[in-house]
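One letter stands for each residue in the lines below.
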Amino acid sequence: DNNADNANNVNNNNANNDNNNENNITGDDALHANASIEFAHDVRQILDKILPAQIHEEQKNDSASSFRIGKSKFAIAIVTGGPVVCCLTGDKHKSLEVIGDVLDDAFELLTHAPPKKIIFRESTKKLLKEENLEGVEIGPEIFNEKTYLL
């Protein structure tokens, strides 16, 4: 009987640990998503102060991906989930490399983001606290998924 009770206790403890691990992952994802949105708001405030309100016509020869003529030249994409790999490469000329599907997703979101907006997907929205969703607008559909703008 004691062995059976001990086995039940071990099984119950393992089940509780599994549930706690799932909650921690979800909790960590939500924590990171909310911190990212809050950080994006701060970055946007700073960029609004230091970048010119409009890009002048003489700057149109700069990289097309970094400037939008007559509009602000920045937007912010938040993508949650998925691993990224970071590494420092090169012997003489060091380069930081960051790769992962989430980076490709973020770039795609940025190509659809209006100037000065923070864009994110439905999967990120589900992780955010109500206070971080104030002023949220529906954005364009990308990857067959709704996006949102702040």
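From a predicted model like this one, the values you see are computed outputs, not experimental measurements. (Residues numbered from 1 in each chain as written. Predicted model: local features only at pLDDT ≥ 70, side-chain atom pairs only at ≥ 80, totals over all residues. Heavy atoms only, no water.)

**Some details on the nonpolar core**
Here is step 1 of the chain: Residues Ile 37, Ile 78, Ile 118, Phe 120 and Leu 128 are the most contacted members of the largest nonpolar core, which totals 13 residues.
Here is step 2 of the chain: At the level of secondary structure, the elements contributing two or more residues to this core comprise α1 (2-50), β1 (76-78) and β4 (118-121).
Here is step 3 of the chain: Examining the composition of this core, we find that 4 residues originate from one element, α1, more than from any other.
Here is step 4 of the chain: Other than its neighbours up to four places away in sequence, Phe 120 contacts Ile 37, Ile 78, Leu 109, Lys 125, Leu 128, Leu 133, Val 136, Lys 146, Thr 147, Tyr 148 and Leu 150.
Here is step 5 of the chain: Counting 9 residues, the second largest nonpolar core, distinct from the first, contains Ala 75, Val 79, Val 102 and Ala 106. (Core = buried A, V, L, I, M, F, W, Y, C linked by side-chain atoms within 4.5 Å. Buried < 20%, exposed > 50% of the residue type's maximum accessible area, 1.4 Å probe, protein only. Helix = DSSP H or I, 4+ residues; strand = E, 2+ residues; numbered from the N terminus. Contact = heavy atoms within 4.5 Å.)

**Re the side chain of Arg 44**
Here is step 1 of the chain: Tracing the chain through its elements places Arg 44 in helix α1.
Here is step 2 of the chain: The side chain of Arg 44 sits in the buried core without any salt bridge; Asp 48 is the nearest counter-charge, 5.2 Å away.
Here is step 3 of the chain: Within the structure, the side chain of Arg 44 is placed 2.7 Å from the backbone oxygen of Leu 150, a separation counted as a polar contact.
Here is step 4 of the chain: Contacts of Arg 44, omitting those with residues within four sequence positions, involve Phe 74, Ile 76, Lys 116, Lys 117, Ile 118 and Leu 150. (Lys, Arg positive; Asp, Glu negative; His and termini not counted. Salt bridge = Lys/Arg side-chain N within 4 Å of Asp/Glu carboxyl O. Polar contact = N/O pair within 3.5 Å; in protein donor to acceptor, adjacent residues only side chain to side chain.)

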